[in-house]
Amino acid sequence: MEELIALYLFKHKKCPLPEIGTLHVIESNAVAWYAEKKIEAPVPSVKLSGQVTETEDLISFISNRKDISREEAMVSLTEYCTALQNMDAFGETKLAQLGKFYVNADGNLIFKPIELPAALVPPVYAERVLHPMASHTLVVGDKETTSADMTAYYADSEDTTKSKWWIFALVFAATAITAIVLFLNEKNHSTTFGNKSQIQPTLTTITYRVAE
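Each value, and the rule that gives it
- Throughout this document, residue positions are counted from 1 along each chain, in the order its sequence is written.
- Given that the model is predicted, a residue must reach a pLDDT of at least 70 before its local features are reported, and side-chain atom pairs must reach 80 or more before they are shown or counted; all residues, however, enter totals for whole chains, interfaces and linings.
- The basis for the side-chain values is all heavy atoms of the structure; hydrogens and waters are excluded.
- The buried label goes to any residue with under 20% of its type's maximum accessible area, the exposed label to any with over 50%, and the partly exposed label to all in between, with areas taken from a 1.4 Å probe on protein chains only.
- Secondary structure elements are taken from DSSP: a helix is a run of H or I of four residues or more, a strand is a run of E of two residues or more, and numbering for both begins at the N terminus.
- Contacts between residues were defined by any pair of non-hydrogen atoms, one from each residue, lying within 4.5 Å.
- Between any two strands, pairing holds if DSSP finds at least two bridges.
- The convention used is that axes are lines fitted to C-alpha atoms, helices contributing only their stretch in contact, and that angles between N-to-C directions extend from 0 to 180 degrees.

Caption draft 1: Just helix α2 (residues 56–66), in detail. All of the buried residues along α2 are Leu58, Ile59, Phe61, Ile62 and Ser63. Structurally, α2 contributes buried residues whose contacts are with α1 (2–12), β1 (14–17) and α3 (70–85).

Next comes the structure, spelled out in structure tokens:
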């Protein structure tokens, strides 16, 4: 029965076990390590969920493989699941090439998947390459565009800003000249800068006498 469950699981990515739950194949993603210039291969794993799904297809699979009736296949599957539930504490049952069932200290049935040897899924060398001229689709706001169009847009905006620098300089110069003219035309100002008040000489006190 263990081999049939393993075959069914590999084929359908899930396998229901009556009164226990459902085994699922969990797919993972490749992991890129740019600093180390390598990509680790995706490693699938098997997990047991508490939700029981439909078993009719699994029963038909067992019936065809063992060349027995559906009723016998159902009895065989039920007996296997019952034996798993009745395992003693810390007992275990291996599932070929996938892992093992065991009962923990709390009396709960647990499935522990096996870890694939690193030699079976070695990382591969991968160096990140940038293609500045490559164009790819992207979404800006609610509109779809391309990276090439966005690069051209920002380049045009930058060129337009640079080409109008003299306008800002001219406006600044005109403002400065206007301020100077207004300052010079005020009634309390003249073209002479600085303090215009006259200095009054101080009377000198005679502190000596000329001898006759």
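There's more to say after this.
Caption draft 2: Expanded view of the sheet that holds strand β5 (residues 45–49). Sheet architecture is open: three strands sit in the order β1-β2-β5, paired in antiparallel fashion. With one partner strand each, in any of the chains shown, β1 and β5 form the two edges of the open sheet. Neighbour to neighbour, the strand axes of the sheet diverge by 20° on average, direction disregarded. Where strand β2 (residues 21–26) lies against β5, five bridges are found, and the strand directions are antiparallel.

Caption draft 3: Region of interest: the sheet that holds strand β6 (residues 92–95). A sheet is described by the order of its strands in space; here three strands give the open sequence β6-β7-β8, paired in antiparallel fashion. Since the sheet does not close on itself, it has two edges, and those belong to β6 and β8 (109–113), each with one partner. Averaged over all neighbouring strand pairs, the angle between strand axes comes to 20°, with direction disregarded. Both β6 and strand β7 (residues 99–103) contribute to a ladder of four bridges, which runs antiparallel. Bridge assignment links Leu95 to a residue of β7, and that residue is Gly99. Of the strands in this sheet, β6, β7 and β8 touch α3, which is tilted by about 135° from β6.

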